[in-house]
Amino acid sequence: MEKNVLLCGYSYHTHRTQRGNKNKGLATYLLRLQTEGRCVVHAEGQELTIEPGDLILLKPGSFYELRIGEHDKDKQAALSKVTSGDYYLYCRGAWVDDWWHRSAKPIRIRIGMTDVILSLWNQIIKEKQRLEDENSEMTEYLLRALCLALDRAINDTRTSHSRWQTALHMRRYIEEHAREAFKVEDVARHACLSVSRAAHCFKEFYGKSIMQYALEIRLSDAVERMKHTNLTLEQIAESSGFASYTYFHRVFKNKFGLSPTAFRKQ
């Protein structure tokens, strides 16, 4: 059976190091997962600062160069102590070609480090270390399992990012409309979600309900108006988005332990 995993291992660097050539295309696919420290990768004309959990995926012909111990892309000071650890794998084959073209592959994506992915990578390393005794068929199936596990991690990351963007979209809507009368249904409609999904998504990322967040904004506005304007408390309650002064008085006292009048006198 043809060996499709050409090189697989774990590397740990404590000195300035350079690998690859950004002016010469790769001969095989490259999978690389940063596990510790930071490095700089030049890939496909981009300079990328790579941190723990970052996965690099490159196809044959891609230009690639790894530099460890450099300044980062923000021109911060060089690392006082060089440390960089990563798993790497160079592979080829018809199955890998098919896997690569099933979905768009990012050059760099942060997937974290799951036990499943690290375990599969380590199993491939152990099999490759057998040299003449390597079971190519086992290595092939381990490679397939690793690629599929990476696909799942990439999809999970993209889904999580999509949910975060949706939650951020809702947060901005709340901030823009907190001084008006609105309902959770309005926020959900703006995000093209059902009420239950909108509520769950927002709380997942911000740890509070939609209306709790709106209430915090209204109370913060009210405090600023109490400090810096001569508006009456009733006017402040109305302009901050409270339906009535009675409701404003109750939630304000629950929040700050003082009535609006007592707070303003301080």
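Structure shown above.
Residues numbered from 1 in each chain as written. Predicted model: local features only at pLDDT ≥ 70, side-chain atom pairs only at ≥ 80, totals over all residues. Heavy atoms only, no water.

> Account for the packing of helix H6 (residues 210-228) against helix H8 (residues 245-256), with residues named and values stated.
It is the contact of H6 with H8, at a shortest axis distance of 11 Å, that shows an interaxial angle of 90 degrees. With respect to each other, H6 and H8 are oriented roughly perpendicular. Of the residues in H8, those touching H6 at Leu215, Leu219, Ala222, Val223 and Met226 are Tyr247, Phe248, Val251, Phe252, Lys255 and Phe256. Its residues assigned to classes, the contact of H6 with H8 shows ten nonpolar, no polar and one charged. (Axes fitted to C-alpha atoms, helices over the stretch in contact; angles between N-to-C directions. Helix = DSSP H or I, 4+ residues; strand = E, 2+ residues; numbered from the N terminus. Parallel < 35°, antiparallel > 145°, perpendicular 65-115°, else oblique. Contact = heavy atoms within 4.5 Å. Nonpolar A, V, L, I, M, F, W, Y, C, P; charged D, E, K, R; others polar.)

> Talk me through the pairing of strand E4 (residues 39-43); I want residue IDs and the actual numbers.
Counting buried residues along E4, five of its five residues qualify, which places the element largely inside the surrounding structure. Of the pairings in the sheet, the one linking E4 to strand E5 (residues 46-50) comprises five bridges and is antiparallel in character. Of the residues in E5, the one forming a bridge with valine 40 is threonine 49. Hairpin connection, E4 to E5: the antiparallel pair is bridged by two residues, and glutamate 44 has positive phi, about 50 degrees. Alignment of E4 against strand E7 (residues 63-68), held across four bridges, turns out to be antiparallel. Within the sheet, the bridge partner assigned to histidine 42 lies in E7 and is glutamate 65. (Buried < 20%, exposed > 50% of the residue type's maximum accessible area, 1.4 Å probe, protein only. Pairing = 2+ DSSP bridges.)

> So, the pattern of salt bridges: which residues are in play, and what are the values?
With the rule as written, the count across this model stands at 17 salt bridges. Residues arginine 179 and aspartate 221 are paired through a salt bridge, measuring 2.4 Å at the closest nitrogen-oxygen approach. Residue arginine 179 is found in the loop between helix H3 (136-177) and helix H4 (184-190), and its partner aspartate 221 is found in helix H6; the two are separated by 42 residues along the sequence. Owing to a relative accessible area of 34%, arginine 179 belongs among the partly exposed residues under this scheme. Salt-bridge contacts for aspartate 186 lead to arginine 189; the nearest nitrogen and oxygen are separated by 3.1 Å. Residue aspartate 186 and its partner arginine 189 are both found in helix H4; the two are separated by three residues, about one turn of the helix. (Salt bridge = Lys/Arg side-chain N within 4 Å of Asp/Glu carboxyl O.)

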